[in-house]
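Each chain, letter by letter, is given below.
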Amino acid sequence: MRTRANRTLLCLTGLVLLAVGVAVLVPGLDLPHRLGFTLPSWWPYRGPHSVLLSHHARTRYRGHSWWWPAVIAVLSVLVVVALWWLLAQARTRRPGRITLQEAPEGDVVLGGRALAEMLAADAEELPGVARARFTLTGRATAPAVRAALLVEPGAAPTDVVRDLDAVVLARARESAGLDALPAEIRLRAGGERGGRLA
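Looking at the pattern of salt bridges
Overall, the coordinates contain six salt bridges when judged by the stated rule. Across the pair R171 and D122 runs a salt bridge, and its minimum N-O distance is 3.3 Å. With R171 in helix α6 (residues 157-176) and D122 in helix α5 (residues 112-124), the pair connects residues that are 49 residues apart, well separated along the chain. On the basis of relative accessibility, which here comes to 40%, the residue R171 falls in the partly exposed class. Residue D122 is classed as buried on the basis of its relative accessible area of 17%. Here R186 ties to E184 by a salt bridge, and the two come within 3.2 Å at their closest N and O atoms.

Structure below.
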């Protein structure tokens, strides 16, 4: 969900900046005169000597009592959204450790990186898997994994996924005492012209 929101916000921001840049640069470089075309009547800037904001545009609402509160409110919302977005990027969803057992005298934990390395080593032992990389996601008490596997040429993706679930993930669930270990698996074909399989 966070990745989708990031892509949407970045796409919208890029489109807005592109539109503003084109609107300013086309008349600013005097392209209509050089290339022999006329800008449409709704274009905000007419030529290289146009100003971004005219005196009238800068002062038309200054005398209204609602103007400055509205400006401050809009800028405040933009700052809050920007800070929220920044903090969302800083928050990691990769647990540094997994809680195996909770006890009054102290919890039994397993390092997240150790589990990821164990999963990768086990996966690379499977037939048809050339290389594996695992990343832990989720919470410490309810972990999940993302797997990126490089599959050898000729290997059947369905067999690789079945073996990964039946052997590697099952062993990890049993070793860590987990009821479930959801996994997102991405496969890439090996060889010089390999592509994504699933």
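From this point on, the discussion continues.
Let's talk about the sheet that holds strand β3 (residues 129-138)
Taken in spatial order, the three strands line up as β3-β4-β5 in an open sheet, and their pairing is mixed. The sheet is open, and its two edges are formed by β3 and β5 (183-189), each paired on a single side. Neighbour to neighbour, the strand axes of the sheet diverge by 15 degrees on average, direction disregarded. Where strand β4 (residues 143-151) lies against β5, seven bridges are found, and the strand directions are parallel. When the sheet's bridge partners are listed, A147 is paired in β5 with I185. Here α5 sits on the sheet in contact with β3 and β4, set at roughly 155 degrees to β3. Along the sheet, α6 makes contact with β3, β4 and β5, crossing β5 at roughly 140 degrees.

A look at the pairing of β4
Note: β3 against β4, nine bridges, orientation antiparallel. Paired with T135 across the two strands is R146, which belongs to β4. Handedness of the crossover joining β4 and β5 through α6: right-handed.

Describing the confidence of the model for the protein
Mean pLDDT over the protein stands at 81; residues scoring 70 or higher make up 83%. Within the protein, strand β1 (residues 97-101) has the poorest average pLDDT of any element, 61, and β5 the best, 89. This stretch, residues 192-198, has a pLDDT under 50; its non-local contacts, to residues over four places away or in other chains, come to 13 contacts.

What about the packing of aromatic side chains?
Two aromatic rings are characterised by how far apart their centres lie and by the angle between their planes. All chains considered together, the criterion is met by five aromatic pairs. Measuring from ring centre to ring centre gives 5.6 Å for W42 and W43, while their planes differ by 35 degrees; the resulting arrangement is tilted. Given the relative accessible area of 63%, W42 is considered exposed. By relative accessible area, W43 is classed as buried at 16%. Seen in terms of ring centroids, Y61 and W66 are 5.4 Å apart; in terms of plane orientation they differ by 55 degrees. Their pairing is tilted. On the basis of relative accessibility, which here comes to 43%, the residue W66 falls in the partly exposed class. By way of ring pairs, the aromatic residues Y61, W66, W67 and W68 are connected into one cluster.

Let's talk about unusual backbone geometry
Positive phi outside glycine occurs at D30, with the angle close to 55 degrees. If you trace the backbone, D30 turns up in the loop between α1 (2-28) and α2 (31-35).

Parameters and conventions
Residues numbered from 1 in each chain as written. Predicted model: local features only at pLDDT ≥ 70, side-chain atom pairs only at ≥ 80, totals over all residues. Heavy atoms only, no water. Salt bridge = Lys/Arg side-chain N within 4 Å of Asp/Glu carboxyl O. Helix = DSSP H or I, 4+ residues; strand = E, 2+ residues; numbered from the N terminus. Buried < 20%, exposed > 50% of the residue type's maximum accessible area, 1.4 Å probe, protein only. Pairing = 2+ DSSP bridges. Axes fitted to C-alpha atoms, helices over the stretch in contact; angles between N-to-C directions. Contact = heavy atoms within 4.5 Å. Right-handed = clockwise from strand over helix to strand, strands pointing away. pLDDT = per-residue confidence, 0-100. Phe/Tyr/Trp six-rings, centres within 6.5 Å; stacked < 30°, edge-to-face > 60°.

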